[in-house]
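# An overview of the molecular structure
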Amino acid sequence: MSYERLCETAEQECRDLEKYDGIIYTCGSTGCVSSGCQDVIQAITDCIASHDIAGRIKLIVTGCMGLCSLGPLVRIELKGREPVLFKQIDSLTIRLIILEYVLQVFRQKDAFVFPYFLEQFVVPQDLPFFTEQKKIVLANTGKVDPARIQSYIAREGFMALVKVLSSMTPEALISEMAKSGLRGRSGAGFSTAAKWDIARKQQAAEKYIICNGDEGDPGAYIDRSLMESDPFSVIEGIIIAGFAVGAAKGWVFIRSEYALAASRIEQAIEQARDWKLLGNNILGTDFSFDCEVRLGAGTFVCGEETALIATMEGKRGTPSHRPPYPAVKGLWTMPTVINNVKTLANIPPIIRNGADWFRAIGTEGNSGTKVFSITGSALNSGLIEVPMGISLGRIVYHMAGVAETGTMVKAVQIGGPSGGILPPPFFDVKVEYESLRDLGIFIGSGGFIIIDQTVSLLDLLLYYLDFAVDESCGRCAACRIGSTQVLGVLKKIRKGRGTLDDLALLERLCMAMKNASLCGLGQAAANPVFSTLKYFPEEIEGYITTREVDTHER
Amino acid sequence: MKDKSTKICLKINHKSVEVVQGATILEAAIKARVNIPTLCKHPDLVATGACGICVVRVAGRSQLLRACCTPAEDGMDVVTNDPEIIATRRTVLELILSTHPNECLTCGRNGTCELQQLAEDFGIREKTLPALVSDVPKDCSTGAIVLDSRKCIKCGRCLTVCQEEQNVWALTFKNRGLSTLMTPAGDISLDDSPCVKCGQCSAHCPVGAIYEQDDTGRVWRALSDPGKFCIAQIAPSVRTSLGSAFGYPVGTNLVGQIYDALRKIGFKKVFDTNFGADVTVMEEASELVKRLEENEERLPLITTCCPSWVDYMEKFYSDMIPYFSSCKSPHAILGTLTKTYYAQKMGIDPSNIVVVSIMPCTSKKYEIRRNEYMAASGYFDVDISITSREFIRMIKQAGIIFSELDFLAVADSPLGDYSGAGTIFGASGGVMEATLRTAHYFMTGTEMPRMGLKEIQGLEGIKETSISIGSHELKVAVAHGLKNVEFIIEGVKNAIRNKAPLPYHFIEVMACPGGCVGGGGQPWPITNEIRIKRAQGLFKDDSMKKNRSSHENESIKELYKDFLGEPLGPRAMELLHNSYQVRDKYKR
Amino acid sequence: MAETKGRPGNPFAMENSAISEILGKWKNKQSPLLMTLHEIQKNRGYISRESTLEISEALDIPLARIYEVLTFNNYFKLSPPGDVVISVCTGTACHLKGSGQLLKKLEKVLGIHIGETTSDGRFHLQYVRCIGCCSLAPALVINGKVYSKVDPLQIKQILAEWQGEARESVDEL
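Residues numbered from 1 in each chain as written. Chains lettered and ligands numbered in written order. Predicted model: local features only at pLDDT ≥ 70, side-chain atom pairs only at ≥ 80, totals over all residues.

### Here we look at the overall build of chain C
What counts is decided by this rule: By definition, any uninterrupted DSSP run of H or I lasting at least four residues is a helix, any uninterrupted run of E lasting at least two residues is a strand, and each is numbered from the N terminus. Residues with at least 20 other C-beta atoms within 10 Å of their own are called buried, those with 12 or fewer are called exposed, and the rest are partly exposed. The C-beta atoms themselves are positioned from the backbone. Contact between two residues is assigned when their C-beta atoms, built from the backbone, lie within 7 Å.
If you tally the helices and strands in chain C, you get eight helices and four strands. Of the regular secondary structure in chain C, the N- to C-terminal order runs α-α-α-α-β-α-α-β-β-β-α-α. Burial statistics for chain C: of 173 residues in total, 46% are counted as buried. Partitioning the contacts of chain C with sequence separation of at least 6, the portion at a separation of at least 24 is 62%.

Shown next, in the form of structure tokens:
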């Protein structure tokens, strides 16, 4: 494999697509699969055959297009016309669309007028949901064919790797990354370059890169979507990280629930090996690197770095004390860089476009973008990628399509079980690690839940604490017992049997969890309680003072 | 690499202290004479950070840090006590207590429990939280160790010891979160697991979750039976291990008081296992000499005084059975001789004799019934084996004021007379040296020129040396703590497989770190510091003995002359030797 | 439509050679334990004590460690589940959109609790933390097939797809 060969492939791929008068992109990710996209794909294939337009129109099954709630999604790009995104398609409507749109455009050319009866299936492209986005990591999702390396290469794939291997030293690469200001996208926000640099400076027989695809937040699916939709960019990111720290081996650790993501990554690794982009002497240099997939086993805490390492080592996935940090002493005691899927997917575009380009997006100290998975009471729910520094309100009212007027929105919950709950008066806060932290909110890995007035926040707290109890690894007392006792107090309050003393007890227990838990997950498990007590004290006190009795059983 | 000896300086409660790079905050605090309360941390084990009691505040850090596992850094400013830290510790303690049964009064650790001590220090006076005590039955299946998982605080010390230190892997944590359970792997009883009954789990347990099976009731019953002739024997290590329970400095030799106490408790005769050890030496040294001179393919000779080691070998290295010494352990030998030689001599019906062993060991409870050889004379060699912890309780129950006991009391003859070689059986390296002394004499007719082989004493996991005996250059190894066995045995196996020269000719193994002085039935606390002091007490006892070799013991000479005949002779083989069998690691 | 995973109806049907093959495949790789457990469970539906002993032998991992990992991770099953495994997603989005009611309905229709298998061995009911279909909440997965935006009223209809030979018994409910 060489630079020339990559360019050739890219040109060939573009020429191949140029031949067609149109391309139909169909989302084939888990979300749309569950909405029935496989029937749609079959119908399209049938239609192409029966209308004998195989030479004119091309079907590409892509990854996620973002607006999962309206799936199955189909985007049709015909020559000379604006792309049209169709929503909630089934095997009948797609036949109708091919008949009344694709074939009519082919026949009528410029005279074609979009039929009114298809309007109901069209997602307007000027929705703020789309226009406010700034796509870096999601740039390829919904556009490339995740099953074919050529499709990725055609979109500048592996050009970053070429640039790194042909013109950069590890030091230069790390300093470029430092200049870009990229921070870990799993939520903690540690500088990626700094992490790499620590590992690079270690003297060790081996070093490892682990791509953390153990997306734990039970309300976010960004990593799944990325691995399903653009697996090669993740792989490219891993290889570059390997070069930076001097590792020869990488691992992609994926949740066992993410079967499709795992198989897409496996497939991508195999293709990259076939194309000699993984293996010995990559691109003719003396840099060799390979990676393998390992599956988790449905345990939230395994997303924590040290617990992930324990799991990989074949032990119980309990976190251990840091320091030593994995970058110093990680997998099998070797220096190990653990980067989130989103972090790694950021790397190729940063290298291709330069640190300055990346730095210009977002705000000072918070460069780049943040991907959120918008769920809950949103009109438009799905994945969005926004520049850092955008206000919460802009996302809630503008992009998610929740009416600003009226009292529908009660709160936004960010950061999953470690995150916090914020009421509308604070919605002008910027999406930045520090700004949110100052409000007691952990930015997290991208869960963004819009909560309407019908939801009892105490019930939501019960949910999160139940989660904490269930997912506590049991290693340290504060989390193992604390979470259960906090849940007990909350249940007591929910049943109308709480006293004001219980509020004090609640605070005391949560403080002990924060202070004396061993890992970040235990320390943060009480965050939802803290933020609810801070911003919505009435939601809890109400059950105590008015003795509101539990109407629905729990 | 950072230089390990680099010194760093930090402040603990405004007091400067200098420690080596890599030391933890806790170690720095100990050096600065500042007390940080701990619970899950054991002085000899790597910190697991499980409890969170030791949290401290470090200037510039928003999160409180665990002193036990956070490395001290140069210039660090540590505060170990402020109202928030104390409140946090207290709440954590309350949380732990909410999962702990309220059974202090009936608990084996009443008075020695580390959790109880903390509850006292923090003045916990009421239960503020609902109880979350799990409902798991006790596991008494081994007859040696009792697991009471309800009392477990999940510190993980027992697992670290069972898995990492002993390499047995009998205990695991099952499940996660609040359902985490300390238990044998895969819903089986401890007796069905690979457990070798060494009791190191119980030696390290901070609470009453693992403790010895209590057999004191059986002893009292035997003592109260007028038809029974009760005879006690005390193991070598017990004499220097009992002190801490009665306010003596660790390692004080209290053998006289112990003899006296046993008599006051009601034993008709008091013997010393050291005599049995002397017999063991006679037999084992003869075996060694025989193998060296006639039977080289059965080298190396491996010691078998330690029943946990025997059990471990039968389960994990059964292919090494031919190399084992066939000698029974000293207390079994003494038991046999009591019911044969002594009974004949005194005209007592052996069926009326009850031999009670006071042992440092939980495994001896298993050993006395492990196979038919343990009753070769027609009677059980030893009827009841109790640990030193049980013995301490018997002394207290009997209302004995220890300091009033006669420190000059002596054991009954002839099975109470012993040489220095017998007494050092209680510490790692002791069996080796004792046997070498006599083997040297057997082979050369002269005493071993150097006694007190420092290179095979102490807590180094594997100790090696070589000794010239006549024309033989004997390479020997001493291992203690079962994790250290693998290296030695694999080395031997490799040599045998490749027909290469043996790395060792004689190997001593003790399951417990430090040997019997650190046994699983010894008084708490058991730490390396304490193991060393107890061992020093034994080596001192040896060095002060006029007679330091088993073959010099007049009572031994008499025993062989009057009763046994030759070492390894027919009678000795019948009564004093043992056999081994392959055992499954998992009975199911 | 996503295909059901190719699990044999009889969990004991998998021959020892299949386990040996899995063990052979992973034996000399780094970090083999979890993947071995995954593949055996995929093949047999659960991990038997015999399998753990074989793994222990082949990979030279103490049984205790294997059980630690098995019982730590909810994903692994130590006894045979039903032929049809129903996993209800209880992620936050699904929770807010009523996964609790779905679970209750399933428990009622199947007559079992979470974590149990119907007496005929057909259906096993469990929950998962998040399958990443948050925008299509509430969701559930049956033998690998994802159902999204499920209404409790659809439950019987969905189960009917999977009842196979057990059709009558489900109809009665």
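### Considering the overall build of chain A
Applied cut-off: As defined in this context, the radius of gyration uses C-alpha atoms, and a globule is described by 2.2 Å times the residue total to the power 0.38.
Counting secondary structure elements, chain A contains 23 helices and 16 strands. Taken over C-alpha atoms, the radius of gyration comes to 25 Å for chain A, in line with the 24 Å a tight globule of 554 residues would show. Principal axes of the C-alpha set define a box for chain A whose edges measure 75 × 65 × 40 Å. A burial count over chain A gives 57% of its 554 residues as buried.

### Regarding the packing of helix α18 (residues 457-471) of chain A against helix α22 (residues 527-535) of chain A
Residue and element names in this part refer to chain A. Where we set the bar: Axis lines are fitted through C-alpha atoms, for helices just across the contact stretch, and the angle between N-to-C directions can take any value from 0 to 180 degrees. Orientation labels follow simple angle bins: below 35 degrees gives roughly parallel, above 145 gives roughly antiparallel, 65 to 115 gives roughly perpendicular, and whatever is left gives oblique. In this scheme, a crossing is called left-handed if the near helix is turned counterclockwise away from the far one by less than a right angle; it is called right-handed if the turn is clockwise.
At a minimum axis separation of 9 Å, α18 and α22 run at an interaxial angle of 165 degrees. Between α18 and α22, the crossing angle belongs to the class labelled roughly antiparallel. The element α18 and its partner α22 pack so that their crossing is left-handed. Here Leu457, Leu461 and Tyr464 of α18 lie close against α22, whose contacting residues are Pro528, Val529 and Thr532.

### Examining the domain arrangement of chain A
Residue and element names in this part refer to chain A. Spelled out, the test is: Domain boundaries shown here were taken from an automatic or database domain assignment. Side-chain classes follow a simple rule in which Ala, Val, Leu, Ile, Met, Phe, Trp, Tyr, Cys and Pro form the nonpolar group, Asp, Glu, Lys and Arg form the charged group, and the remainder, Gly included, forms the polar group.
If you check the domain split of chain A, you get domain 1 (3-131), domain 2 (156-359), domain 3 (363-452) and domain 4 (457-545). Here the C-alpha centroids of domain 1 and domain 2 sit 33 Å apart. Considered class by class, the residues forming the side of domain 1 that touches domain 2 number three nonpolar, four polar and no charged.

### Considerations on the sheet that holds strand β6 (residues 208-213) of chain A
Residue and element names in this part refer to chain A. We apply this condition: Paired strands are those between which DSSP finds at least two bridges.
Reading across the sheet, the four strands line up as β8-β7-β6-β9 and stay open at both edges, with parallel pairing between neighbours. The sheet is open, and its two edges are formed by β8 (290-295) and β9 (336-340), each paired on a single side. For this sheet, the mean angle separating the axes of adjacent strands, direction not counted, is 20 degrees. Note that β6 and strand β7 (residues 249-254) share six bridges and pair parallel. Bridging from a neighbouring strand, glycine 213 pairs with isoleucine 254 of β7. Here helix α11 (residues 231-245) sits on the sheet in contact with β6, β7, β8 and β9, set at roughly 150 degrees to β6. Where helix α12 (residues 259-274) meets the sheet, its contacts fall on β6, β7 and β8, and the angle it forms with β8 comes to roughly 165 degrees.

### Here we look at the interface of chain B and chain C
The interface of chain B with chain C comprises ten residues on the first partner and ten residues on the second. Counting residues per element, the side of chain B that touches chain C draws most heavily on strand β7 (residues 171-174) of chain B, which supplies three residues.

### What to know about the confidence of the model for chain C
Residue and element names in this part refer to chain C. Quick reminder of the rule: Confidence of the predictor at the level of single residues is captured by pLDDT, which takes values from 0 to 100.
Averaged over every residue, the pLDDT of chain C is 83; residues scoring 70 or more account for 86%. Below a pLDDT of 50 lies the segment residues 1-14, which in the model reaches 22 contacts outside its immediate sequence neighbourhood of four places, other chains included. Note that residues 165-173 has pLDDT below 50 and, in this model, seven contacts with residues that lie over four places away or in other chains.

### Brief notes about the interface of chain C and chain A
Each partner contributes residues to the interface: chain C has 36 residues there, and chain A has 41 residues. The set of elements that each furnish at least two residues to the side of chain C that touches chain A consists of α2 (33-44), α4 (63-72), α5 (92-96) and β4 (145-147) of chain C. A per-class count over the side of chain C that touches chain A returns 22 nonpolar, eleven polar and three charged.

### Points about the sheet that holds strand β15 (residues 462-469) of chain B
Residues and elements named next belong to chain B. An order of β12-β17-β16-β15 is seen for the four strands of this open sheet, with the pairing classed as mixed. With one partner strand each, in any of the chains shown, β12 (301-302) and β15 form the two edges of the open sheet. In this sheet, strand β17 (residues 506-510) lies alongside strand β16 (residues 472-480) in parallel orientation, the contact comprising five bridges. What sits directly across from alanine 477, in β17, is isoleucine 507. Each of β15, β16 and β17 touches helix α14 (residues 430-444); the most contacted strand, β15, lies at about 10 degrees to it.

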